[in-house]
Structures are given as structure tokens and as C-alpha cells.
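# Commentary on secondary and tertiary structure
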Amino acid sequence: QVQLVESGGGLVQAGGSLRLSCAASARFFSIYTMGWYRQAPGKQRELVATITSVSSTNYADSVKSRFTISRDNAKNTVYLQMNSLKPDDTAVYYCNGYRSSGTSYWAWGQGTQVTVSS
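### Some points on the sheet that holds strand E4 (residues 34–39)
Strand-to-strand pairing in sheets goes through backbone hydrogen bonds, with the strands running parallel or antiparallel. Sheet architecture is open: six strands sit in the order E2-E10-E9-E4-E5-E6, paired in mixed fashion. Looking at strand neighbours, the two that pair on one side only are strand E2 (10–13) and strand E6 (57–59), the edges of this open sheet. On average, each strand axis in the sheet is tilted by 25° relative to the strand beside it, whichever way the strands run. Pairing of E4 with strand E9 (residues 91–97), which is carried by six bridges, proceeds in the antiparallel orientation. Residue pairing in the sheet places glycine 35 in a bridge with asparagine 96 of E9.

### With respect to the state of the cysteines
Inspection of the entire model under this criterion finds one disulfide. Covalently, cysteine 22 is tied to cysteine 95 through a disulfide, its sulfur atoms 1.6 Å apart. Separated by 73 residues along the polypeptide, cysteine 22 in strand E3 (residues 18–24) and cysteine 95 in strand E9 bring together distant segments of the chain. Accessibility assignment for this pair places cysteine 22 and cysteine 95 in one class, buried.

### Quick notes on the pattern of salt bridges
Enumeration over the complete set of coordinates arrives at four salt bridges. The partner of aspartate 89 in a salt bridge is arginine 38, with the nearest N and O atoms 2.9 Å apart. Pair noted here: aspartate 89 is in the loop between strand E8 (77–82) and E9 and arginine 38 is in strand E4, with a separation of 51 residues, a long-range link. Neither aspartate 89 nor arginine 38 differs from the other in exposure class; each is buried. Between arginine 66 and aspartate 89 there is a salt bridge, and its shortest N-O distance comes to 2.7 Å. Of this pair, arginine 66 sits in the loop between E6 and strand E7 (67–72) while aspartate 89 sits in the loop between E8 and E9, and the two are 23 residues apart along the sequence. The same class applies to arginine 66 and to aspartate 89, which are both buried. A single network of salt bridges, built from pairs that share partners, joins Arg38, Glu46, Arg66 and Asp89.

Criteria and thresholds
Residue numbering note: each chain is counted from 1, following its sequence as written. Predicted model: local features are reported for residues with pLDDT of at least 70 only, side-chain atom pairs are reported and counted for 80 or more only, and whole-chain, interface and lining totals are derived from all residues. Side-chain measures were taken over the full set of non-hydrogen atoms in the model, leaving aside hydrogen atoms and water. Any two strands are treated as partners once DSSP identifies two or more bridges connecting them. Every helix listed is a DSSP run of H or I at least four residues long, and every strand listed is a run of E at least two residues long, numbered separately from the N terminus. Note on geometry: axes are C-alpha line fits, over the in-contact stretch for helices, and angles between N-to-C directions span 0 to 180 degrees. Sulfur atoms of two cysteines make up a disulfide when they are within 2.5 Å. When accessible area is computed with a 1.4 Å probe and restricted to protein chains, residues below 20% of their type maximum are described as buried, those above 50% as exposed, and intermediate ones as partly exposed. Salt bridges are defined as contacts in which a side-chain nitrogen from Lys or Arg sits within 4 Å of a carboxyl oxygen from Asp or Glu.

As C-alpha cells, then:
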């Protein structure tokens, strides 16, 4: 069973930055496309960014140019650098393996809370 452990969230003022980390216990981590997701109160979980095995990236329009996803395969870790944060970015952030069908590979971790104050 793959374990996903997200960290790095917190309370930040609008315009600030945070860097999230997600450690995955998956074997052959490097072959998986990884994604960062978020879920705001009362809303469905949404995909924020993905990174392929060759580090090709893709972003939701709402975060493009503000967020950067990266990975360190030696550490089985994926990162999300979040800059110019807005109150609308407030959510619990999760990572998971991403399938092109839109489903995730593994059970969800506990996530990390990001709160952006105005």
C-alpha cells in the first residue's frame, strides 16, 4: 500500500508564498505522473498541477504562472511552489499519482492545509 505524506502548508497573507512537499512510498516512483490537487470547503477536489516522468508539467488556469510543480525522484518526493497566493487558494492540498483518465492511483493522504488571509 502506497503512503502519501503531504507537508508544508500553513497560514499566509495574500501575496505570500509556500512550498508544499509530498513524500510517496511507491516503488518505481519515477515512472508515475504525479499530481497536486486541492479541495476547498464545500467544493469538489480539483487538479492543480501535474508532472510527468520526464518532468513535463501542466497547470490549471487558475494557478498558471503562480505555482510550480517539481519532483526529486531520488527522494520519492514531489513539490509545489506556490507564489502570489490568493484567498481563493485556501484549501487542503493533496498529491497522488495521476492517470490520464483523471483517476488517481492510490488512496489519499491526509493532505496539508493552506490558508490565505486577505
